[in-house]
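One-letter residues, chain by chain:
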Amino acid sequence: MVSSSLLGSISNTAICFEATTEMTVDALDLRLDLEFDGRGRFNRLRLCPCACSTVPLDLTTLADTANAASGMAVHDDCKLKFLELKAKRTYRFIVYKIEEKQKQVIVEKLGEPAQSYEDFTASLPADECRYAVYDFDFVTAENVQKSRIFFIAWCPDTSRVRSKMIYASSKDRFKRELDGIQIELQATDPTEMDLDVIRSRAS
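The protein chain carries the name ADF-H domain-containing protein in an unreviewed UniProt entry, which gives Salix suchowensis as its organism. Per UniProt, the protein chain carries the Sequence similarities (unreviewed entry) text "Belongs to the actin-binding proteins ADF family."

Take a look at the structure:
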């Protein structure tokens, strides 16, 4: 469960906001107090209930901290199957899942070359996050056959908050393991990744 409050104050030197978010992570109840300076950077980060540490922090540091905390390994199959899709076109799509207990990204589903985009979207759970790669074929206005490899970060609004955080913090590191991604797409509902959107981004 997540509850949040946002308080604002104006001083002579900066506009500061304090955002307090309470969430349950594993067995720990943590509250994050974030203070922003006038340039939009984080000034302070305090973890409660112990409140024993207050440190300077900017946006880049916060992102790096989140990535390090996720600590997700990547199973060898993730890269091997992607290379087969890219070089041999063995698959139309690959769906990847984070196994939270093992702290590892794994291959969940492989799509055969003849499968359609509708088959791909049907492979994504309605209320759980996933990563996916899709090899999209299309014909240009000049009647030239082309293809684009999409990386799709699927994060539906109905998924768990913890899952959203883990997938978001692990995405960039995982994507770097897949050499050859041409287009990235992030979607929170099916309309953000329908076939018209794919065609528009590919061209």
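Chemist: Before we go on, may I ask you to explain the sheet that holds strand β7 (residues 93-99) in this structure?
Modeler: What holds strands together in a sheet is hydrogen bonding between their backbones, with the strands either parallel or antiparallel. Read from one edge to the other, the open sheet built from six strands follows the order β6-β8-β7-β9-β10-β11, with strand pairing classed as mixed. Among the strands making up the open sheet, the edge pair consists of β6 (73-74) and β11 (183-187). Note that strand β10 (residues 145-154) and β11 share five bridges and pair parallel. Bridging across to β11, Phe151 finds its partner in Glu184. Where helix α5 (residues 195-202) meets the sheet, its contacts fall on β9 (130-139), β10 and β11, and the angle it forms with β11 comes to roughly 150°.

Chemist: When you look at the pattern of salt bridges in this model, what are you seeing that I'm missing?
Modeler: When the charged atoms of two side chains lie near each other, side chains of opposite charge can form a pair. Tallying each qualifying case throughout the model produces twelve salt bridges. The partner of Arg89 in a salt bridge is Asp137, with the nearest N and O atoms 2.4 Å apart. Within this pair, whereas Arg89 is found in the loop between α2 (76-88) and β7, its partner Asp137 is found in strand β9, the two being separated by 48 residues in sequence. The class for Arg89 is partly exposed, based on a relative accessible area of 38%. Its relative accessible area of 28% is what places Asp137 among the partly exposed residues. Measuring nitrogen to oxygen at the nearest pair gives 2.9 Å for the salt bridge that ties Glu128 to Arg130. Its relative accessible area of 5% is what places Arg130 among the buried residues. Salt bridges here are not isolated pairs; linked through shared partners, they connect Arg89, Arg92, Asp135 and Asp137.

Chemist: Is there a simple way to explain the layout of surface pockets in this structure?
Modeler: In this approach the atoms are scanned with a rolling probe the size of a water molecule, which exposes any empty space left behind. A volume near 190 Å³ is recorded for the second largest pocket. Along the wall of the second largest pocket there are 13 residues; nearest its centre are Glu100, Glu128, Arg130, Arg160 and Ser163. Of all the secondary-structure elements, those providing two or more residues to the lining of the second largest pocket are β7 and α4 (161-176). A total of three residues in the lining of the second largest pocket trace back to one element, the largest contributor, which is β7. Residues of the lining of the second largest pocket, tallied by class, amount to three nonpolar, two polar and eight charged.

Thresholds, definitions, all that
Residues numbered from 1 in each chain as written. Predicted model: local features only at pLDDT ≥ 70, side-chain atom pairs only at ≥ 80, totals over all residues. Heavy atoms only, no water. UniProt positions renumbered as here; feature names shortened; annotations may be inferred. Pairing = 2+ DSSP bridges. Helix = DSSP H or I, 4+ residues; strand = E, 2+ residues; numbered from the N terminus. Contact = heavy atoms within 4.5 Å. Axes fitted to C-alpha atoms, helices over the stretch in contact; angles between N-to-C directions. Salt bridge = Lys/Arg side-chain N within 4 Å of Asp/Glu carboxyl O. Buried < 20%, exposed > 50% of the residue type's maximum accessible area, 1.4 Å probe, protein only. 1 Å grid on protein atoms, 1.4 Å probe; cavity = no way out; pocket = protein on both sides within 12 Å on 5 of 7 lines; lining within 4 Å. Points joined across faces, edges and corners; volume = space filled by probe spheres on them. Nonpolar A, V, L, I, M, F, W, Y, C, P; charged D, E, K, R; others polar.

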